[in-house]
Amino acid sequence: MATAGTRLLRNLASSIAVLGAILFVAWGLPAINRMVPAGASTVGGRAYAVGGGVVVIPPEQAELDLTNTRPGADRGTALFLIGPVRYVIVVAPFGGDLTAAAAKLRAKITGTRGYQVTGAEDPMTTTGGLTGVQGSYTAPGRLGRYAVFLSGGRSIEVTVSGAESELANLMTGIEASIASIQQR
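Residues numbered from 1 in each chain as written. Predicted model: local features only at pLDDT ≥ 70, side-chain atom pairs only at ≥ 80, totals over all residues. Heavy atoms only, no water.

1. Observations regarding the overall build of the protein
Summing up its helical and strand segments, the protein has three helices and twelve strands in all. For 184 residues, the compact-globule formula gives about 16 Å, and the C-alpha radius of gyration of the protein, at 24 Å, lies well above that figure. If you line up the protein on its principal axes, its C-alpha atoms span 85 × 35 × 35 Å. For the protein, with 184 residues in total, the buried portion stands at 34%. Summing over all exposed atoms, the protein offers an accessible surface of approximately 10200 Å²; the carbon and sulfur share of this is 60%. One finds the centroid of the 15 positive side-chain charges in the protein at a distance of 16 Å from the centroid of its 11 negative side-chain charges. (Helix = DSSP H or I, 4+ residues; strand = E, 2+ residues; numbered from the N terminus. Rg over C-alpha atoms; globule rule 2.2 N^0.38 Å. Buried < 20%, exposed > 50% of the residue type's maximum accessible area, 1.4 Å probe, protein only. Areas by Shrake-Rupley, 256 points an atom, 1.4 Å probe, with all protein chains shown as cover. Lys, Arg positive; Asp, Glu negative; His and termini not counted. Charge placed at Lys NZ, Arg CZ, Asp CG, Glu CD.)

2. Some points on the packing of aromatic side chains
For the structure shown, the criterion picks out three aromatic pairs. Each ring, one from Tyr48 and one from Phe80, has its centre 5.7 Å from the other, and the planes form 85°; the classification is edge-to-face. In this pair, Tyr48 is assigned in strand 2 (residues 48-51) and Phe80 in strand 6 (residues 76-82), connecting sequence segments 32 residues apart. For Phe80, a relative accessible area of 0% gives the class buried. (Phe/Tyr/Trp six-rings, centres within 6.5 Å; stacked < 30°, edge-to-face > 60°.)

3. Some points on the nonpolar core
Core analysis: the largest hydrophobic core is formed by 27 residues, its most contacted members being Phe80, Ile89, Ile178 and Ile181. Mapped onto this core, the elements with two or more residues apiece are strand 2, strand 3 (54-56), strand 6, strand 7 (85-93), strand 10 (142-151), strand 11 (154-162) and helix 3 (164-179). Here this core takes five residues from helix 3, the largest share from any one element. Setting aside residues no more than four positions away along its own chain, Phe80 makes contact with Val43, Tyr48, Val56, Pro58, Ala62, Glu63, Leu64, Val85, Arg86, Tyr87 and Ile89. One finds Phe94, Ala102, Ile109 and Tyr137 within the second-largest nonpolar core, a separate group that totals nine residues. (Core = buried A, V, L, I, M, F, W, Y, C linked by side-chain atoms within 4.5 Å. Contact = heavy atoms within 4.5 Å.)

Following this line, the structure appears as structure tokens:
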């Protein structure tokens, strides 16, 4: 049977542990959160691993939106912001052919209200040897480009959107970036 002094020491130790946990949640977690970069991180001009072994060289002025980027071993998503232009690469396992991958991406685009695929698709080959197709789409107040490639049992979907003038000014760098996509 525990004595009153032993119970008091046990209660004191438990109270100190609870207080420590509360202090960690109140001050420790916010301090850790402040150390983690939020928003965007400049990554332009150097190789970036999207996920699933896919690597891209984003345009020089590209910033990585850390809140919408998810790299992984077999899949990944990267959202680059180039001013107001959004440049997204999504890598995911895929078992179909290029025609099915392109149809899936077109369905994803047109599944958003007001978005329409325009014109025909054209073949495209990256400098790393990936073959795919590319096309364009419109959205309310925006224009877009898309491309899709297959490599190593994965689809690599690329979408780019922005206002017409902004997109036109940045498209050369974005096209060079898309051409840099490779599977490692």
